[in-house]
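Single-letter residue listing:
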Amino acid sequence: MEVTNAIDCNGLSAAPTLLRIKQALVGLVDDALPLEILVDADCDRDRLRRSLGLQGDAVRLVSRPQ
Amino acid sequence: MPDLNVDEMPSGTSVPVPAKGVSPEVPDFAFDPTDPWTETFQKGLERAGLSGKRIYEVGIGTGTNVAFLLRMCGAAHVSGSDLDPRLVVLAERNVRSLAPEKANLFHPVRGAVSLIDTEEARARIAETDVIIACLPQVGDPGDRRLTAFRKAQAVELPEGAGEKADDHIAHYYPWAAFDEYPFNSVGLGLNEALLHRIRDHAPTAQVIMNFGCRIGTDIIFELFEANGFRPEKLHSQIVRQDAGTDISFFVMLEKALRGTGLEKDLVCAFFADEGALRPLSASEAQDLLDRDPDTPLYHEVCVIRAVPVAA
Ligand SMILES: C[S@@+](CC[C@H](N)C(=O)[O-])C[C@H]1O[C@@H](n2cnc3c(N)ncnc32)[C@H](O)[C@@H]1O
């Protein structure tokens, strides 16, 4: 999958990933959403989604094919 | 600040012996080399076995580490540069006075050099065995995007924290400019940018970097692992938090995690005592400072050596 303009979170564990997403979402206008977030293939997406709460709707979690 | 007479430094001593004689020139725009961060760094460098190595220092400051590497660690030669072009000129003068007989082994890369972003710096790095650096790990309090994030967490910038000290760039980096690097989210974007460049231009070189461990040592180790390096701690010391440096950066990271279920995954590591027996989160540390700005706070500074996994 070709991913452009994604926020790269590769290599980050859960807490810094969440911080990065929250930082990216600050000040972003609605039509730039959903934001693509590039995460490690082994990232626990369910946990991340739960942590994001309502902000989860504003992002799409994707990972690079291995 | 104490005078240093390098001729009277017993070999194997990392902290220069204060004595009458030569002392480095330290104008206000330079990071004070008597700071415990530099002392910690030099103890780590001493343990790294650098005899005969070709070394490059990114962010050379006053040149105190260059003189130390040449005089005390037996480096084959040392190159170095800094973002502030005045510093490399200062470093040349200081190396000439602190290590006169070895000053010809110092190869300065002049001008304003961010990381290793000039042809000359990259050419030097390509013939280097070890790259050393102690770079800012806190986003500039005046950064526009960081300010927006701070406001979203309802964290106030303490009075005076946004003011620019003469050595501002020794403490803070332009946060948004390094946002392509994932570890920027915890203040390690500038350091990660350097690791990327080293991987590209000196793929077999080791790195030795000095870190404040306020963000937690685990995350710093993850930074190296994620970038293809195997880290190891060479030395660490508990130092007093610099009274002039803003810690609200760390407070807003903790606050942003509140209520997410991940708050225990990132708790900043401050201490109320020099013995590091009473840990404090950044929020607890900031509360103490709000009550009394002179409250002494401490944190670990550690020197990490990292070798490229692929080499
Ligand atoms: C904390 S001081 C350390 C000085 C010295 N290396 C030491 O250990 O005592 C950080 C140094 O990095 C420099 N610096 C900051 N940002 C930089 C960048 N992007 N590229 C190169 N040097 C930078 C500062 O000017 C300052 O001299």
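- If you check an unreviewed UniProt entry, chain B appears there as S-adenosyl-l-methionine--l-methionine S-methyltransferase from Roseibium marinum.

### Section: the overall build of chain B
Thought 1: When its secondary structure is counted, chain B shows 10 helices and 9 strands.
Thought 2: A compact globule built from 311 residues should have a C-alpha radius of gyration of about 19 Å, and chain B, at 19 Å, falls within 12% of that.
Thought 3: Structurally, chain B occupies a C-alpha span of about 60 × 45 × 35 Å along its principal axes.
Thought 4: Buried positions account for 55% of the 311 residues belonging to chain B.
Thought 5: Counted over contacts in chain B with a minimum sequence separation of 6, partners at least 24 positions apart contribute 72%.
Thought 6: Total accessible area on chain B stands at roughly 12,900 Å², and carbon and sulfur atoms take up 49% of it.
Thought 7: Mean positive and mean negative side-chain charge positions of chain B (30 and 47 charges, respectively) differ by 3 Å.

### Quick word on the side chain of Gln153(B)
Thought 1: Mapped onto the fold, Gln153(B) is located in the loop between α5 (144–152) and α6 (168–171).
Thought 2: Gln153(B) has contacts with Met252(B), Lys255(B) and Ala256(B), leaving out every residue within four places of it along the chain.

### Things to note about the site of the ligand
Residues and elements named next belong to chain B.
Thought 1: Among the 19 residues in the neighbourhood of the ligand, the closest are listed as Thr-38, Glu-57, Gly-59, Asp-82 and Leu-115.
Thought 2: Between Glu-57 and the ligand, the recorded distance is 2.8 Å, taken from a side-chain N or O atom to a nitrogen atom.
Thought 3: In isolation the ligand has 600 Å² of accessible area, and contact with the protein removes 96% of it.
Thought 4: Sorting the residues of the shell around the ligand by element identifies α1 (36–47) and α6 as the ones contributing at least two each.
Thought 5: A class-by-class count of the residues in the shell around the ligand yields 12 nonpolar, 5 polar and 2 charged.

### Let's talk about the pairing of strand β1 (residues 54–58) of chain B
All names here are of chain B.
Thought 1: Most of β1 sits inside the fold, with 4 of its 5 residues counted as buried.
Thought 2: Across 5 bridges, the pairing between β1 and strand β2 (residues 77–82) is parallel. Bridge assignment links Tyr-56 to a residue of β2, and that residue is Ser-79.
Thought 3: Handedness of the crossover is the feature at issue here: the chain leaves β1, passes through helix α2 (residues 64–72), returns alongside β2, and the resulting connection is right-handed.

Here is what the cut-offs are and how they apply
- Residues numbered from 1 in each chain as written.
- Chains lettered and ligands numbered in written order.
- Predicted model: local features only at pLDDT ≥ 70, side-chain atom pairs only at ≥ 80, totals over all residues.
- Heavy atoms only, no water.
- Helix = DSSP H or I, 4+ residues; strand = E, 2+ residues; numbered from the N terminus.
- Rg over C-alpha atoms; globule rule 2.2 N^0.38 Å.
- Buried < 20%, exposed > 50% of the residue type's maximum accessible area, 1.4 Å probe, protein only.
- Contact = heavy atoms within 4.5 Å.
- Areas by Shrake-Rupley, 256 points an atom, 1.4 Å probe, with all protein chains shown as cover.
- Lys, Arg positive; Asp, Glu negative; His and termini not counted.
- Charge placed at Lys NZ, Arg CZ, Asp CG, Glu CD.
- Near = heavy atom within 4 Å.
- Polar contact = N/O pair within 3.5 Å; in protein donor to acceptor, adjacent residues only side chain to side chain.
- Nonpolar A, V, L, I, M, F, W, Y, C, P; charged D, E, K, R; others polar.
- Pairing = 2+ DSSP bridges.
- Right-handed = clockwise from strand over helix to strand, strands pointing away.

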